[in-house]
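As a plain string of letters, each chain reads:
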Amino acid sequence: MLPEKFVLAERVLQVAPSPTLAVNAKAKALRAAGADILNFSVGEPDMTTPAHVCEAGKQAIDDGHTRYTPVAGIVELREAICAKLKKDQGWEYEPDQVQVCCGGKHGLFNIFQAILNPGDEVLIPAPYWVSYPPMVQLAGGTPVIVPLKEENNFDFDPEVLAQYVTPKTKAIVLNSPSNPTGAVFSQESLAAVGKMAYEKGWLVITDDMYEEISYIDGKLPHILHAIPRLRDQIVLSNGVSKSFAMTGWRIGWSIGPSQIIKAMNKIQSQSTSNPAAPSQYAALAALTGPQDFPKQLLEAFIPRRAYFVEALRAIPNVTCVNPMGAFYVFPNFSAYYGKTFNGQVIDGSLALADYLLSEANVASVPGAAFGSDDFIRFSFATSMDVIKEGMERITTALAALQ
Ligand SMILES: *Cc1c(COP(=O)(O)O)cnc(C)c1O
């Protein structure tokens, strides 16, 4: 026990631990106790890292790449990141405008640490990825949540956005395709948001983690294509965690104005020094080797997504937006709130997710974790058999509510 008068830092008291990890932990505990849990709460692909990438990681160790690297990451990797961006998007960046860090999450953390002063506001569209608000708070900033509407396919309504703008607005976070909704922002709404950002001088942070996992025909819209003059006030965040099933290697990166990247490097130099050296070589192999793995992921996800969405929409009073990217479905279960099971009232997404876990042995993530209590998130980064069995259990469990 800590001494009685010892108090933890206020910043810790402000933030809640990641609820997605909490659900995962509870599901694991139930499974360890022998329950047949179907896990739809996972936020990572169900495939293993491609073999040639693993080999590159092993080779890096054998080649002696086991020491510190430059703070911003090895220059070969930063060059490969720039080359990929040029090839995929036509955008030209220099390696000194890139910081490699310990996963995309760490990159976003560094960005907020580098740009926020107390009172600075960051616009975060909801449903949002769980980590944005606490990251902003940990950097001393204030998250300002901008609601997106299901009936609008979770796209932006620029007029709604305008209501949340204040003189303290400093930045906006865009995640498209989105975790948890799978929504892709339209080119028109991105143009409207981009125009506003440009005129007001905000920093635009795009979390492009799911750009390779898109179900739309043709090119994924991006705010930097919609408004190219945003170039000097945009930071692009990305990584290999999802597109190459490399969540455990912890490699992500940020690309943006040199002054911001320099500031982030200062922070990284005093915290992690650099991301793990062998992981950087593995990520280099992912970017420079065969590019068919993300396509294989898509091929596996497409039929699961179709099945899941159709089965959810077949449940009475459930609506579900068709995800246009990522590997999550985000159905609206609010018609079941207020109903009871054994006298217990299901009063929201936390209670419903808990009910599904204990009564149907189905692990999911309550929408409250993403700032949208009407919904539950299910990941389809799991087998078709699990999805079919899970949908039967979910349908039966909802029908059992009174
Ligand atoms: C998974 C994820 C990330 C980052 O993941 P890392 O494992 O830290 O690379 C970032 N943003 C979103 C929306 C994600 O789902």
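All of the points below concern the structure found in this document. (Residues numbered from 1 in each chain as written. Predicted model: local features only at pLDDT ≥ 70, side-chain atom pairs only at ≥ 80, totals over all residues. Heavy atoms only, no water.)

## Here we look at the pairing of strand β6 (residues 203–207)
Working step 1: By the criterion of burial, β6 is predominantly enclosed, with five of the five residues buried.
Working step 2: Covered by surrounding structure in β6 are L203, I205 and D207 together with V204 and T206, the residues of both alternating faces.
Working step 3: Bridge analysis of strand β5 (residues 169–175) against β6 gives five bridges, and the strand direction is parallel. Residue pairing across strands places I172 opposite V204, the latter belonging to β6.
Working step 4: Read from β5 through helix α8 (residues 187–200) to β6, the crossover connection turns out right-handed. (Buried < 20%, exposed > 50% of the residue type's maximum accessible area, 1.4 Å probe, protein only. Helix = DSSP H or I, 4+ residues; strand = E, 2+ residues; numbered from the N terminus. Pairing = 2+ DSSP bridges. Right-handed = clockwise from strand over helix to strand, strands pointing away.)

## Side note on α8
Working step 1: In this model, α8 (14 residues) spans 20 Å end to end at C-alpha, consistent with the 20 Å of a helix rising 1.5 Å per residue.
Working step 2: Of the positions making up α8, those classed as buried are S189, L190, V193, G194, M196 and A197. Projected down its long axis, α8 carries its buried residues within an arc of 160 degrees, all on one side. In α8, those exposed residues whose orientation departs by more than 90 degrees from the buried face are E188 and E199.
Working step 3: The inward-facing, buried residues of α8 abut α7 (158–163), β5, β6 and α9 (223–226). (Expected span 1.5 Å × (residues − 1). Arc of directions from axis to C-beta. Contact = heavy atoms within 4.5 Å.)

## Thoughts on the packing of aromatic side chains
Working step 1: The final tally for this structure, using the stated rule, is 17 aromatic pairs.
Working step 2: With centroids separated by 6.0 Å and ring planes inclined at 80 degrees, the aromatic side chains of F40 and F378 adopt a geometry described as edge-to-face. One end of the pair, F40, is in the loop between β1 (38–39) and α3 (51–62); the other, F378, is in strand β14 (residues 376–379), and 338 residues separate them in sequence.
Working step 3: Look at F330 and F370: their rings are 5.8 Å apart centre to centre, the planes differ by 85 degrees, and that puts the pair in the edge-to-face class. Placement of the pair is F330 in the loop between β9 (328–329) and β10 (340–341) and F370 in the loop between β13 (365–366) and β14, with a sequence separation of 40 residues. Like F370, F330 is buried.
Working step 4: Three or more aromatic residues joined by ring pairs make a cluster, and in this case those are Y210, F301, F327, Y328 and F380.
Working step 5: For R229, the ring lying beneath its charged end belongs to Y198, and the centroid distance is 4.7 Å.
Working step 6: In this structure, R231 packs its charged tip against the face of Y93, placed 3.9 Å from the ring centre. (Phe/Tyr/Trp six-rings, centres within 6.5 Å; stacked < 30°, edge-to-face > 60°. Lys NZ or Arg CZ within 6 Å of the ring centre and 35° of its normal.)

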